[in-house]
Amino acid sequence: EQEVAEYRNTLAIRVSGFDVPRPVKTFEDCGFSAQLMGAITKQGYENPTPIQRQAFPIVLSGRDIIGIAKTGSGKTAAFVLPMIVHIMDQPELQKEEGPIGVICAPTRELAHQIYLEAKKFAKPYGLRVSAVYGGMSKLEQFKELKAGCEIVVATPGRLIDMIKMKAVNMSRGTCLVLDEADRMFDLGFEPQIRSIVGQIRPDRQTLLFSATMPYKVEKLAREILSDPVRVTVGEVGM
Ligand code: ADP
Ligand code: MG
(Lines give C-alpha, C1' and ligand atoms only; values in the text may rest on other atoms or scores of the structure.)
(Ligands and ions follow the chains in the order given, each with its own letter.)
Protein backbone atom coordinates (compact mmCIF):
# COMPACT_ATOMS: atom_id res chain seq x y z
CA GLU A 1 0.00 0.00 0.00
CA GLN A 2 2.87 2.34 0.83
CA GLU A 3 4.36 1.48 -2.54
CA VAL A 4 1.05 2.24 -4.32
CA ALA A 5 0.80 5.60 -2.55
CA GLU A 6 4.34 6.50 -3.59
CA TYR A 7 3.69 5.43 -7.17
CA ARG A 8 0.57 7.62 -7.31
CA ASN A 9 2.59 10.49 -5.89
CA THR A 10 5.23 10.26 -8.57
CA LEU A 11 2.45 10.47 -11.21
CA ALA A 12 0.65 13.34 -9.38
CA ILE A 13 -2.43 11.11 -9.04
CA ARG A 14 -4.87 11.60 -6.19
CA VAL A 15 -7.74 9.22 -5.58
CA SER A 16 -10.74 9.04 -3.32
CA GLY A 17 -13.56 6.57 -2.96
CA PHE A 18 -14.18 3.12 -1.57
CA ASP A 19 -11.68 0.34 -2.29
CA VAL A 20 -9.77 2.00 -5.15
CA PRO A 21 -8.01 -0.40 -7.54
CA ARG A 22 -4.26 0.06 -7.77
CA PRO A 23 -2.81 1.82 -10.82
CA VAL A 24 -1.17 -0.15 -13.62
CA LYS A 25 2.22 0.57 -15.13
CA THR A 26 1.82 -0.84 -18.63
CA PHE A 27 -0.90 -1.65 -21.15
CA GLU A 28 -0.04 -5.33 -20.66
CA ASP A 29 -1.00 -5.00 -16.97
CA CYS A 30 -4.58 -4.30 -18.13
CA GLY A 31 -4.93 -7.72 -19.73
CA PHE A 32 -5.92 -6.23 -23.08
CA SER A 33 -6.28 -8.77 -25.89
CA ALA A 34 -3.65 -9.18 -28.60
CA GLN A 35 -5.99 -7.41 -31.04
CA LEU A 36 -6.34 -4.39 -28.80
CA MET A 37 -2.60 -4.38 -28.05
CA GLY A 38 -1.99 -4.37 -31.79
CA ALA A 39 -4.20 -1.30 -32.24
CA ILE A 40 -2.49 0.44 -29.31
CA THR A 41 0.96 -0.21 -30.77
CA LYS A 42 -0.25 0.94 -34.18
CA GLN A 43 -1.23 4.25 -32.56
CA GLY A 44 2.35 4.58 -31.32
CA TYR A 45 1.28 4.48 -27.67
CA GLU A 46 4.15 2.93 -25.70
CA ASN A 47 2.96 3.45 -22.17
CA PRO A 48 -0.30 4.57 -20.59
CA THR A 49 -0.49 8.20 -19.46
CA PRO A 50 -1.03 8.87 -15.72
CA ILE A 51 -4.82 9.25 -16.00
CA GLN A 52 -4.91 6.04 -18.06
CA ARG A 53 -2.78 4.13 -15.51
CA GLN A 54 -5.27 4.84 -12.77
CA ALA A 55 -8.49 4.92 -14.84
CA PHE A 56 -7.99 1.62 -16.73
CA PRO A 57 -8.17 -0.68 -13.68
CA ILE A 58 -11.08 1.29 -12.22
CA VAL A 59 -13.18 1.26 -15.39
CA LEU A 60 -12.23 -2.34 -16.25
CA SER A 61 -13.47 -3.41 -12.82
CA GLY A 62 -16.88 -1.93 -13.67
CA ARG A 63 -16.72 1.00 -11.26
CA ASP A 64 -18.01 4.49 -11.96
CA ILE A 65 -15.32 7.14 -12.23
CA ILE A 66 -14.89 10.89 -12.03
CA GLY A 67 -11.68 11.58 -13.96
CA ILE A 68 -10.17 15.03 -13.73
CA ALA A 69 -7.09 15.82 -15.76
CA LYS A 70 -6.07 18.62 -18.06
CA THR A 71 -6.52 18.67 -21.81
CA GLY A 72 -4.07 16.50 -23.70
CA SER A 73 -3.62 13.97 -20.91
CA GLY A 74 -5.13 11.03 -22.82
CA LYS A 75 -8.63 10.90 -21.36
CA THR A 76 -10.20 9.58 -24.57
CA ALA A 77 -8.31 6.29 -24.58
CA ALA A 78 -8.85 6.09 -20.80
CA PHE A 79 -12.54 5.44 -21.46
CA VAL A 80 -12.55 4.07 -25.02
CA LEU A 81 -10.28 1.06 -24.40
CA PRO A 82 -12.16 -0.27 -21.34
CA MET A 83 -15.45 0.40 -23.14
CA ILE A 84 -14.38 -1.88 -25.97
CA VAL A 85 -13.40 -4.59 -23.49
CA HIS A 86 -16.82 -4.20 -21.85
CA ILE A 87 -18.61 -4.53 -25.19
CA MET A 88 -16.62 -7.60 -26.18
CA ASP A 89 -17.58 -9.18 -22.84
CA GLN A 90 -21.30 -9.07 -23.71
CA PRO A 91 -22.50 -12.65 -24.17
CA GLU A 92 -25.27 -11.89 -26.68
CA LEU A 93 -23.50 -9.18 -28.65
CA GLN A 94 -24.96 -10.14 -32.03
CA LYS A 95 -28.46 -10.92 -30.82
CA GLU A 96 -29.72 -7.52 -29.73
CA GLU A 97 -29.84 -4.04 -31.15
CA GLY A 98 -28.74 -0.65 -29.92
CA PRO A 99 -25.49 0.90 -28.71
CA ILE A 100 -23.84 -0.52 -25.59
CA GLY A 101 -21.44 2.39 -25.21
CA VAL A 102 -22.79 5.95 -25.32
CA ILE A 103 -20.32 8.84 -25.33
CA CYS A 104 -21.48 12.45 -25.00
CA ALA A 105 -19.24 15.42 -25.74
CA PRO A 106 -20.00 19.14 -25.82
CA THR A 107 -19.12 20.06 -29.43
CA ARG A 108 -19.12 18.57 -32.88
CA GLU A 109 -15.32 18.90 -33.08
CA LEU A 110 -14.74 17.07 -29.80
CA ALA A 111 -17.27 14.40 -30.64
CA HIS A 112 -15.60 13.91 -34.00
CA GLN A 113 -12.14 13.48 -32.41
CA ILE A 114 -13.53 10.87 -30.03
CA TYR A 115 -15.29 9.17 -32.93
CA LEU A 116 -12.00 8.87 -34.85
CA GLU A 117 -10.15 7.52 -31.80
CA ALA A 118 -12.94 5.05 -30.98
CA LYS A 119 -13.03 3.78 -34.56
CA LYS A 120 -9.31 2.96 -34.53
CA PHE A 121 -9.70 0.73 -31.50
CA ALA A 122 -13.08 -0.70 -32.45
CA LYS A 123 -11.95 -1.69 -35.94
CA PRO A 124 -9.96 -4.83 -35.05
CA TYR A 125 -13.15 -6.23 -33.49
CA GLY A 126 -15.50 -5.13 -36.25
CA LEU A 127 -17.45 -3.03 -33.76
CA ARG A 128 -19.47 -0.22 -35.31
CA VAL A 129 -19.14 3.35 -34.11
CA SER A 130 -21.76 5.93 -35.06
CA ALA A 131 -21.29 9.68 -34.94
CA VAL A 132 -24.33 11.73 -33.97
CA TYR A 133 -23.78 15.47 -34.21
CA GLY A 134 -24.46 18.41 -36.47
CA GLY A 135 -22.89 18.45 -39.90
CA MET A 136 -24.57 15.35 -41.24
CA SER A 137 -28.21 15.48 -42.25
CA LYS A 138 -30.65 14.05 -39.73
CA LEU A 139 -31.92 11.64 -42.35
CA GLU A 140 -28.41 10.28 -43.01
CA GLN A 141 -27.84 9.93 -39.30
CA PHE A 142 -31.21 8.26 -38.84
CA LYS A 143 -30.31 5.67 -41.49
CA GLU A 144 -26.88 5.04 -40.05
CA LEU A 145 -28.26 4.49 -36.56
CA LYS A 146 -31.02 2.25 -37.89
CA ALA A 147 -28.33 0.09 -39.48
CA GLY A 148 -27.00 -0.56 -35.97
CA CYS A 149 -23.93 0.23 -33.90
CA GLU A 150 -22.24 -0.79 -30.66
CA ILE A 151 -20.83 2.65 -29.78
CA VAL A 152 -22.41 6.03 -30.36
CA VAL A 153 -20.49 9.29 -30.00
CA ALA A 154 -22.81 12.26 -29.78
CA THR A 155 -23.48 15.83 -28.86
CA PRO A 156 -26.41 15.84 -26.42
CA GLY A 157 -28.93 17.80 -28.50
CA ARG A 158 -28.56 15.70 -31.62
CA LEU A 159 -28.67 12.44 -29.67
CA ILE A 160 -31.99 13.49 -28.15
CA ASP A 161 -33.31 14.32 -31.62
CA MET A 162 -32.34 10.81 -32.75
CA ILE A 163 -33.95 9.20 -29.69
CA LYS A 164 -37.15 11.15 -30.38
CA MET A 165 -37.10 10.01 -34.01
CA LYS A 166 -36.72 6.45 -32.70
CA ALA A 167 -33.54 6.03 -34.69
CA VAL A 168 -31.85 4.46 -31.72
CA ASN A 169 -32.87 2.12 -28.94
CA MET A 170 -31.04 3.09 -25.76
CA SER A 171 -32.17 0.13 -23.67
CA ARG A 172 -28.96 -1.82 -24.27
CA GLY A 173 -26.74 1.07 -23.14
CA THR A 174 -24.66 -0.04 -20.18
CA CYS A 175 -21.66 2.26 -20.40
CA LEU A 176 -22.26 6.01 -20.46
CA VAL A 177 -19.43 8.53 -20.83
CA LEU A 178 -19.85 12.23 -20.20
CA ASP A 179 -16.70 13.80 -21.61
CA GLU A 180 -15.72 17.40 -20.94
CA ALA A 181 -18.59 17.61 -18.49
CA ASP A 182 -17.65 21.15 -17.43
CA ARG A 183 -17.97 22.42 -20.99
CA MET A 184 -21.27 20.63 -21.49
CA PHE A 185 -22.57 22.61 -18.49
CA ASP A 186 -21.10 25.86 -19.81
CA LEU A 187 -22.95 25.28 -23.07
CA GLY A 188 -26.22 24.71 -21.24
CA PHE A 189 -26.57 20.97 -21.89
CA GLU A 190 -27.52 19.98 -18.36
CA PRO A 191 -31.20 19.26 -19.21
CA GLN A 192 -30.18 17.21 -22.25
CA ILE A 193 -27.65 15.24 -20.21
CA ARG A 194 -30.26 14.48 -17.58
CA SER A 195 -32.69 13.37 -20.27
CA ILE A 196 -30.11 11.03 -21.85
CA VAL A 197 -29.16 9.60 -18.45
CA GLY A 198 -32.85 8.90 -17.88
CA GLN A 199 -32.98 6.79 -21.06
CA ILE A 200 -30.09 4.54 -20.10
CA ARG A 201 -30.40 1.61 -17.74
CA PRO A 202 -29.99 2.49 -14.06
CA ASP A 203 -27.52 -0.37 -13.63
CA ARG A 204 -25.21 1.26 -16.19
CA GLN A 205 -21.58 2.17 -15.61
CA THR A 206 -21.11 5.94 -15.74
CA LEU A 207 -17.79 7.62 -16.52
CA LEU A 208 -17.48 11.37 -16.11
CA PHE A 209 -14.42 13.23 -17.37
CA SER A 210 -13.71 16.89 -16.97
CA ALA A 211 -10.81 19.32 -16.95
CA THR A 212 -12.31 21.24 -14.03
CA MET A 213 -14.88 20.34 -11.41
CA PRO A 214 -17.20 23.26 -10.62
CA TYR A 215 -19.90 22.72 -7.99
CA LYS A 216 -22.74 22.18 -10.48
CA VAL A 217 -20.82 19.36 -12.18
CA GLU A 218 -20.02 17.89 -8.78
CA LYS A 219 -23.70 17.97 -7.90
CA LEU A 220 -24.75 16.18 -11.10
CA ALA A 221 -21.99 13.60 -10.59
CA ARG A 222 -23.31 12.88 -7.11
CA GLU A 223 -26.78 12.30 -8.54
CA ILE A 224 -25.99 10.11 -11.52
CA LEU A 225 -22.89 8.14 -10.55
CA SER A 226 -22.92 5.31 -8.05
CA ASP A 227 -20.09 4.82 -5.61
CA PRO A 228 -17.60 6.49 -7.98
CA VAL A 229 -13.87 6.55 -7.65
CA ARG A 230 -12.51 10.01 -8.09
CA VAL A 231 -9.17 10.41 -9.83
CA THR A 232 -7.36 13.71 -10.16
CA VAL A 233 -4.12 14.16 -12.04
CA GLY A 234 -2.04 17.28 -11.43
CA GLU A 235 -3.50 20.57 -10.23
CA VAL A 236 -7.13 21.23 -11.05
CA GLY A 237 -9.26 24.36 -10.95
CA MET A 238 -12.84 24.63 -9.74
P1 ADP B 1 -7.64 14.68 -23.46
O2 ADP B 1 -8.97 14.10 -23.79
O3 ADP B 1 -7.21 14.40 -22.05
O4 ADP B 1 -7.54 16.14 -23.80
P5 ADP B 1 -6.74 13.08 -25.67
O6 ADP B 1 -7.42 11.82 -25.33
O7 ADP B 1 -7.34 13.91 -26.73
O8 ADP B 1 -6.55 13.97 -24.36
O9 ADP B 1 -5.21 12.72 -26.03
C10 ADP B 1 -4.28 13.71 -26.35
C11 ADP B 1 -3.27 13.14 -27.34
O12 ADP B 1 -2.47 12.15 -26.71
C13 ADP B 1 -3.93 12.48 -28.53
O14 ADP B 1 -3.21 12.84 -29.69
C15 ADP B 1 -3.78 11.00 -28.24
O16 ADP B 1 -3.71 10.25 -29.44
C17 ADP B 1 -2.47 10.96 -27.47
N18 ADP B 1 -2.35 9.83 -26.53
C19 ADP B 1 -3.33 9.30 -25.74
N20 ADP B 1 -2.86 8.29 -24.99
C21 ADP B 1 -1.55 8.17 -25.29
C22 ADP B 1 -0.50 7.29 -24.83
N23 ADP B 1 -0.73 6.36 -23.91
N24 ADP B 1 0.72 7.45 -25.37
C25 ADP B 1 0.96 8.41 -26.30
N26 ADP B 1 0.03 9.26 -26.78
C27 ADP B 1 -1.22 9.16 -26.27
MG1 MG C 1 -10.75 14.89 -24.28
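Residues numbered from 1 in each chain as written. Chains lettered and ligands numbered in written order. Predicted model: local features only at pLDDT ≥ 70, side-chain atom pairs only at ≥ 80, totals over all residues. Heavy atoms only, no water.

The chain is annotated in an unreviewed UniProt entry as RNA helicase from Linum tenue.

Participant: Got a minute to help me understand the nonpolar core in this structure?
Facilitator: Nonpolar side chains in soluble globular proteins tend to end up buried together. The biggest cluster of nonpolar side chains holds 51 residues, and the ones touching the most others in it are F32, L81, I84 and I103. A per-element tally of this core places helix α4 (residues 75-88) first, with eight residues. Apart from residues no more than four positions distant in its own chain, L81 is found in contact with F27, F32, L36, I40, F56 and F121. Residues I66, M162, I193 and L220 belong to the second largest nonpolar core, which totals 33 residues. (Core = buried A, V, L, I, M, F, W, Y, C linked by side-chain atoms within 4.5 Å. Buried < 20%, exposed > 50% of the residue type's maximum accessible area, 1.4 Å probe, protein only. Helix = DSSP H or I, 4+ residues; strand = E, 2+ residues; numbered from the N terminus. Contact = heavy atoms within 4.5 Å.)

Participant: I keep staring at the pairing of strand β8 (residues 229-233) and nothing clicks. Help me out?
Facilitator: Successive residues of a regular strand alternate their side chains across the two faces of the sheet. Counting buried positions over the five residues of β8 gives four, a clear majority of the element. Looking at chain direction, strand β1 (residues 13-16) and β8 are connected through four bridges and run antiparallel. If you follow I13 over to β8, its bridge partner there is V233. In the sheet, strand β2 (residues 65-68) pairs with β8 via four bridges, with the strands oriented parallel. Considered in β8, the bridge of I66 is made with R230. (Pairing = 2+ DSSP bridges.)

Participant: Can you help me understand the environment of D182 in this one?
Facilitator: Mapping D182 onto the fold places it in helix α8 (residues 181-186). The exposure class assigned to D182 is buried, which follows from its relative accessible area of 8%. As a C-alpha pair, D182 and E218 span 36 residues in sequence and 9.5 Å in three-dimensional space. Among all residues touching D182, those that are not within four sequence positions of it are S210, A211, T212, P214 and V217.

Participant: So what exactly am I meant to see when it comes to the sheet that holds strand β7 (residues 205-210) here?
Facilitator: Strand order in the open sheet formed by eight strands is β1-β8-β2-β7-β6-β3-β5-β4, and the pairing between neighbours is mixed. Both edges of this open sheet fall to β1 and β4 (129-132), since each of them pairs with a single strand only. With strand direction ignored, the average angle separating the axes of adjacent strands in the sheet is 15°. Running over the sheet, helix α10 (residues 215-224) touches β2, β6 (175-178), β7 and β8 and is turned about 170° from β7. (Axes fitted to C-alpha atoms, helices over the stretch in contact; angles between N-to-C directions.)

Participant: What should I look at first to understand the packing of aromatic side chains in this one?
Facilitator: Pairs of aromatic rings are described using the distance from one ring centre to the other and the angle between the two planes. On inspection of all chains with the given rule, the structure shows four aromatic pairs. Where F27 meets F56, the ring centres are 6.0 Å apart and the plane angle is 50°; that geometry is what we call tilted. Residue F27 is found in the loop between β1 and α2 (34-42), and its partner F56 is found in helix α3 (residues 50-60); the two are separated by 29 residues along the sequence. Across this residue pair, the class does not change: F27 and F56 are buried. Aromatic pair Y45 and F121: ring centres 6.3 Å apart, planes at 50°, arrangement tilted. With Y45 in the loop between α2 and α3 and F121 in helix α5 (residues 108-122), this residue pair connects regions lying 76 residues apart in the sequence. (Phe/Tyr/Trp six-rings, centres within 6.5 Å; stacked < 30°, edge-to-face > 60°.)

Participant: Honestly, unusual backbone geometry in this entry has me stumped. Any pointers?
Facilitator: The general pattern is negative phi for most residues beyond glycine and trans for most peptide bonds. For A12, which is not glycine, the phi dihedral falls at a positive 60°. With respect to the secondary-structure elements, A12 resides in the loop between α1 (2-10) and β1.

Participant: Help me understand the site of ligand 1, please; the structure alone is not making it clear to me.
Facilitator: Surrounding ligand 1, one finds 14 residues, the nearest of these being Y45, N47, Q52, G72 and T76. A distance of 2.8 Å separates a nitrogen atom of ligand 1 from a polar backbone atom of N47. When isolated, ligand 1 has an accessible area of 570 Å², and the protein chains bury 70% of it. Each residue belonging to the shell around ligand 1 can be placed in one class, and the counts come to three nonpolar, eight polar and three charged. (Near = heavy atom within 4 Å. Polar contact = N/O pair within 3.5 Å; in protein donor to acceptor, adjacent residues only side chain to side chain. Areas by Shrake-Rupley, 256 points an atom, 1.4 Å probe, with all protein chains shown as cover. Nonpolar A, V, L, I, M, F, W, Y, C, P; charged D, E, K, R; others polar.)

Participant: For this particular structure, what's the right way to read the pairing of β2?
Facilitator: Side chains of β2 alternate between two faces, with I65 and G67 and I66 and I68 buried alike. In this sheet, β7 lies alongside β2 in parallel orientation, the contact comprising four bridges. Bridge pairing in β7 places I66 opposite L208.

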